[in-house]
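A closer look at the structure
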Amino acid sequence: MDNKTISIASDHAGVSLKELVADHLKEKGCEVINHGPFDDQSVDYPDYAKKVTKDILGQESDFGILICGSGQGMAIAANKQSGIRAALCYTPEIAELSRLHNDCNVLTLGSRFIDNNVALQCVLKFIDTPFEGGRHQNRINKIWVFFL
């Protein structure tokens, strides 16, 4: 996990969990790019998803983490960007599979539906799990060809 750069953002519903995750990642030796917000004033989640996906596409970060109330809005917004594969995860096993089989580069979490400890486990599993490649790469290639 050391030496990984993680870009992170949330909407107003995810600020508290975002800060917890950011602090935990720093303790684990990651560089964290925190795009905010930094209070619970209402914001529009697509604006924050764009900041994180821009970091990944520009190779400023290795992974992104996006947090909103359900996690779904952030996943939808992030997945609108070509080259982004965002997964809404709610267990460490789903986070692991999203990396192993789908080579996801963005983890989304729903702050209103996940326990803080489970969220941290998802984050660590997501970041530490390598992509398997092989037959899974072939499937990912089909997604990009089909939708381009």
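Attention here is on the structure that accompanies the text. Not measured: the values here are computed from a predicted model. (Residues numbered from 1 in each chain as written. Predicted model: local features only at pLDDT ≥ 70, side-chain atom pairs only at ≥ 80, totals over all residues. Heavy atoms only, no water.)

Points about the packing of helix α4 (residues 92-100) against helix α5 (residues 116-128)
Axis separation between α4 and α5 bottoms out at 8 Å; the angle between their running directions is 20°. Comparing the axis directions of α4 and α5 gives the class roughly parallel. Crossing hand, α4 versus α5: right-handed. Contact residues: Pro92, Ala95, Glu96, Ser98 and Arg99 in α4; Val118, Gln121, Cys122, Lys125 and Phe126 in α5. When its residues are assigned to classes, the contact of α4 with α5 shows five nonpolar, two polar and three charged. (Axes fitted to C-alpha atoms, helices over the stretch in contact; angles between N-to-C directions. Helix = DSSP H or I, 4+ residues; strand = E, 2+ residues; numbered from the N terminus. Parallel < 35°, antiparallel > 145°, perpendicular 65-115°, else oblique. Left-handed = near helix turned anticlockwise from the far one by under 90°. Contact = heavy atoms within 4.5 Å. Nonpolar A, V, L, I, M, F, W, Y, C, P; charged D, E, K, R; others polar.)

Looking at the packing of aromatic side chains
One pass over the full model with this rule turns up one aromatic pair. Where Phe63 meets Phe126, the ring centres are 5.5 Å apart and the plane angle is 70°; that geometry is what we call edge-to-face. Here Phe63 is found in strand β3 (residues 63-68), whereas its partner Phe126 is found in helix α5, with 63 residues between them in sequence. Given the relative accessible area of 7%, Phe63 is considered buried. Here Arg99 stacks its cationic end above the ring of Phe126, 5.9 Å away from the centre of that ring. (Phe/Tyr/Trp six-rings, centres within 6.5 Å; stacked < 30°, edge-to-face > 60°. Buried < 20%, exposed > 50% of the residue type's maximum accessible area, 1.4 Å probe, protein only. Lys NZ or Arg CZ within 6 Å of the ring centre and 35° of its normal.)

Section: the pattern of salt bridges
One pass over the full model with this rule turns up three salt bridges. Here Arg85 ties to Asp103 by a salt bridge, and the two come within 3.4 Å at their closest N and O atoms. Of this pair, Arg85 sits in the loop between α3 (72-79) and β4 (86-88) while Asp103 sits in the loop between α4 and β5 (106-110), and the two are 18 residues apart along the sequence. Both residues of the pair, Arg85 and Asp103, count as buried. (Salt bridge = Lys/Arg side-chain N within 4 Å of Asp/Glu carboxyl O.)

What to know about the sheet that holds β3
Across the sheet, five strands lie side by side as β2-β1-β3-β5-β4; this open sheet has parallel pairing. Every interior strand has two partners, whereas the edge strands, β2 (31-34) and β4, have only one. Taking the axes of each pair of neighbouring strands and ignoring which way they run, one obtains an average angle of 20° across the sheet. In this structure, strand β1 (residues 5-10) lies alongside β2, joined through four bridges in parallel fashion. Residue pairing for β2: Thr5 is matched across the bridge by Glu31. (Pairing = 2+ DSSP bridges.)

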